[in-house]
Amino acid sequence: MSDGSVQRQRQDQPAVPVLQEQRVGEILAAVPARGQWRYRPRRVGLLRRHRTFRVVAVFTLLALCGVVILALVRDQTGTEGFLVGLCLAVLPVPVLMTAFRWLDRVEPTPWRNLLFAFAWGACAAALIAILANSFATRWIADSDPGNADTLGATVIAPVVEESAKAAAVLLLFLFRRREFTGVVDGVVAAGFTATGFAFTENILYLGNAFGEDQQADSGFASMTVVTFLVRAVMTPFAHPLFTVLTGIGLGIAASGAPGRRTRRIAVPLLGLVLAMGMHALWNGSATFGRYGFYIVYGAFMVPVFGLVTWQVVRARRKELRSLAVELPAYAEAGWLTPDEPRALASMRARALARNAARRRYAASVSGHPYHPAYATVRAKEAKERGRAAARAVAEYEAFATSLASLRRQAGRGRADPDFAARELELLHHLWQRREIAGPALAYAARATHRRPPGYTAAWPPRAGAPTPYAYGAPPPYTGSPSPYHGSPNPYLGPAPYPAQPHGRQPYTAPPYPGKPPT
């Protein structure tokens, strides 16, 4: 990437507000109150609940579907079969969720969307599939009893099940457009939906297999083990792979430029048709002879799985590269340091920055050498301070990614009317956390050799001397209330950068007190 390609702004993109230190208070005063924020810190492992009527209504409906589907499954498998199937079916779920969440690390999808997708697949889609498949199979049996099961598995089931699962992805595409911006978002939503569907379906199949073993008095020796190996070990990705094709289609539609209505409709439909076709081929493999299953599995399913995985990883790398393209405009305007766009475009540099901030702020707290009890208290305080600093860097990374995504959408001609307000709010969040995140990301950029072309440090360090962004003593914490439930607030403190005119970089002094190396 050349310097000109990074620094040159496209004419179809909005101008970046220039950072003027003396007007920071005036600029950021326009940010809405906390209750009206559009972007909020995303904390790992914390599932925030929005107690609104729509959320309660949707999840109540899904819960009712779950109760009905569990009752139907229990009726078919019996109590013992249901419990055995439940215990075995839950095993691949964390693995699949972790895999899809790993793909979504660049700009994580809110957990409420993922929970909705999983619940829809496990409850609503499974209930629709059971009822529709049973009705269609009985209807076919009246006219063609010999082929009812085959037609039900290869024709009816793929159409019904893939349509039911695609409905969840479509709902997120329609009603969560600002959080559904590309291929990765579509893949993750489809993966969670299909994982929930496969979970419920596995309960049914494993429970029935256990019932057959009980009737044959074989325990776990035959059908249950074989069913578990096939569905949970060899092919846990089958349902996610089918539905991911629909997710890719909707993701392409979400990332496309406006005005191409035919493409935005045709591509998702093509993805849905491909998902149905793959599902039909997979279900029909049992009718291809003795080795039909293994031929379809080895010659088709595994290669397609590898191809789709490669495409999704490629889309994630494209998301990362977009940060190095969009964020330099804010670095030129003074909001970011020259190091940050390239550091933010590397998952390794991001993780290194979080770990460095955690270690540095934890090491800044020392215990009393003669009082073990006091030392224990200080150790706990150090741990909390380190976690707060790492969380600040993680939130900074998330807000910077959202800012790049917002600007990328504007460059495609899909800017919302409140683009300026959203941009200002994100810059406000970045400014609050820059005193901690800036040095950490600079350190990570240097450690991973991700410096911008032509960049020179303010003070070339001597061998063995501290660098301009060396982790020294942390800035003092003020007494303002902390959002971390007792942890020190790492965001507070004066702005670390002096006023600079437009066109000059704001990093001319180290962010922490101390003399630069000579």
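Bear in mind the structure is a predicted one, so any value in this text is a computation, not a measurement.

**Focus: the packing of aromatic side chains**
Scanning the model with the defined rule gives 10 aromatic pairs in all. Judged by centre distance (5.9 Å) and plane angle (50°), the rings of F116 and W120 are tilted. One end of the pair is F116 and the other is W120, both in helix α5 (residues 111-143) and four residues apart, which spans about a single turn. Exposure class is identical for F116 and W120. Each is buried. Ring plane angle 80° and centroid distance 6.3 Å describe the contact between W335 and W431, whose orientation is recorded as edge-to-face. With W335 in the loop between α12 (328-332) and α13 (340-344) and W431 in helix α16 (residues 419-447), this pair connects stretches of sequence that are 96 residues apart.

**What to know about helix α3 (residues 53-89)**
Counted at 1.5 Å a residue, the expected span for α3 with its 37 residues is 54 Å, but the 32 Å between its end C-alpha atoms falls short. At G78, α3 shows its largest kink, close to 115°. Of the residues making up α3, those classed as buried are L62, C65, G66, I69, V73, T77, G81, F82, V84, G85, L88 and A89. Buried residues along α3 sit in contact with α4 (92-103), α5, α7 (183-216) and α8 (223-234).

**Topic: the nonpolar core**
For soluble globular proteins, nonpolar side chains are generally found buried alongside one another. Core analysis: the biggest nonpolar cluster contains 66 residues, and F180, W282, M301 and V308 have the highest contact counts within it. Broken down by secondary-structure element, the contributors of at least two residues to this core are α3, α4, α5, α6 (148-175), α7, α9 (238-255), α10 (261-284) and α11 (292-326). No other element matches α5, which puts 14 residues into this core. Beyond its immediate chain neighbours, meaning those up to four positions away, F180 contacts V169, L172, F173, D185, G186, A189, L250, G251 and A254. Within the second largest apolar cluster, 38 residues are counted, among which are L327, Y361, A410 and L430.

**Observations concerning a nonpolar patch on the surface**
On the surface, a nonpolar cluster with roughly 210 Å² of combined accessible area is contributed by V58, F59 and L115. Note that V58 resides in helix α3. Of the residues examined, V58 reaches a relative accessible area of 33% and is grouped as partly exposed.

**Brief notes about the environment of A189**
Relative to the helices and strands, A189 is located in helix α7. We classify A189 as buried; its relative accessible area is 4%. For A189 and A117, which are 72 residues apart along the polypeptide, the C-alpha to C-alpha distance reads 6.2 Å. Dropping the residues within four chain positions of it, A189 is found in contact with A117, V169, L172 and F180.

**Digging into a positive patch on the surface**
Together, R314, R317, K318 and R321 line one region of the surface with positive charge. As for its placement among the helices and strands, R321 is situated in helix α11. R321 sits in the partly exposed class, given a relative accessible area of 49%.

**Some points on α11**
Helix length check: α11 (35 residues) gives 50 Å between terminal C-alpha atoms against 51 Å at 1.5 Å per residue, within 8%. Considering bend angle alone, the principal kink of α11 is centred on G298 and spans about 30°.

**Quick notes on the packing of α9 against α11**
In a pair of packed helices, the angle between the axes and the distance between the axes together describe the arrangement. For the pair α9 and α11, the least separation of the axes is 11 Å and the interaxial angle reads 45°. With respect to α11, the element α9 is oriented oblique. α11 is crossed by α9, and the crossing has left-handed handedness. For the pair α9 and α11, contact is made by A238, L241, F242, V244, L245 and I248 and by M301, V304, F305 and V308, respectively. Residue composition of the contact of α9 with α11, grouped by class: 10 nonpolar, no polar and no charged.

**What to know about the layout of surface pockets**
Its boundaries defined by the atoms lining it, the second largest pocket holds a volume of some 1,200 Å³. Along its surface, the second largest pocket is lined by 42 residues, and A153, E201, Y205, R231 and N283 are the ones closest to its centre. Residues of the lining of the second largest pocket, tallied by class, amount to 23 nonpolar, 15 polar and four charged.

**Regarding the confidence of the model for the chain**
On average, the chain scores 78 in pLDDT, and the residues at 70 or more come to 73%. At the level of individual helices and strands, the chain shows its lowest average pLDDT in helix α1 (residues 3-7), which scores 44, and its highest in α4, which scores 93. Low pLDDT (under 50) marks residues 1-9, which in the prediction has 15 contacts with non-local residues, meaning those over four places away or in another chain. Counting interchain partners and residues more than four positions distant, the pLDDT-below-50 stretch residues 44-49 has six contacts.

**Side note on the pattern of salt bridges**
One side chain can pair with another of opposite charge once the charged atoms of both are near each other. Taken as a whole and assessed by the stated rule, the structure comprises 10 salt bridges. A salt bridge links R101 to D104; the shortest N-O distance between them is 3.6 Å. According to the relative accessible area criterion, D104 is buried, its value standing at 2%. Note that R354 is salt-bridged to E397, the shortest N-O span being 2.8 Å. Of this pair, R354 sits in helix α14 (residues 347-363) while E397 sits in helix α15 (residues 372-411); the two residues are 43 residues apart in sequence, bridging distant segments of the chain. Linked by salt bridges that have partners in common, R178, D418 and R422 make up one network.

The rules behind these values
- Residues numbered from 1 in each chain as written.
- Predicted model: local features only at pLDDT ≥ 70, side-chain atom pairs only at ≥ 80, totals over all residues.
- Heavy atoms only, no water.
- Phe/Tyr/Trp six-rings, centres within 6.5 Å; stacked < 30°, edge-to-face > 60°.
- Helix = DSSP H or I, 4+ residues; strand = E, 2+ residues; numbered from the N terminus.
- Buried < 20%, exposed > 50% of the residue type's maximum accessible area, 1.4 Å probe, protein only.
- Expected span 1.5 Å × (residues − 1).
- Bend = angle between axes of the 7 residues up to and from the residue.
- Contact = heavy atoms within 4.5 Å.
- Core = buried A, V, L, I, M, F, W, Y, C linked by side-chain atoms within 4.5 Å.
- Patch = residues over 30% accessible without salt bridge, like charges linked within 9 Å, V, L, I, M, F, W, Y side chains within 5 Å.
- Areas by Shrake-Rupley, 256 points an atom, 1.4 Å probe, with all protein chains shown as cover.
- Salt bridge = Lys/Arg side-chain N within 4 Å of Asp/Glu carboxyl O.
- Lys, Arg positive; Asp, Glu negative; His and termini not counted.
- Charge placed at Lys NZ, Arg CZ, Asp CG, Glu CD.
- Axes fitted to C-alpha atoms, helices over the stretch in contact; angles between N-to-C directions.
- Parallel < 35°, antiparallel > 145°, perpendicular 65-115°, else oblique.
- Left-handed = near helix turned anticlockwise from the far one by under 90°.
- Nonpolar A, V, L, I, M, F, W, Y, C, P; charged D, E, K, R; others polar.
- 1 Å grid on protein atoms, 1.4 Å probe; cavity = no way out; pocket = protein on both sides within 12 Å on 5 of 7 lines; lining within 4 Å.
- Points joined across faces, edges and corners; volume = space filled by probe spheres on them.
- pLDDT = per-residue confidence, 0-100.

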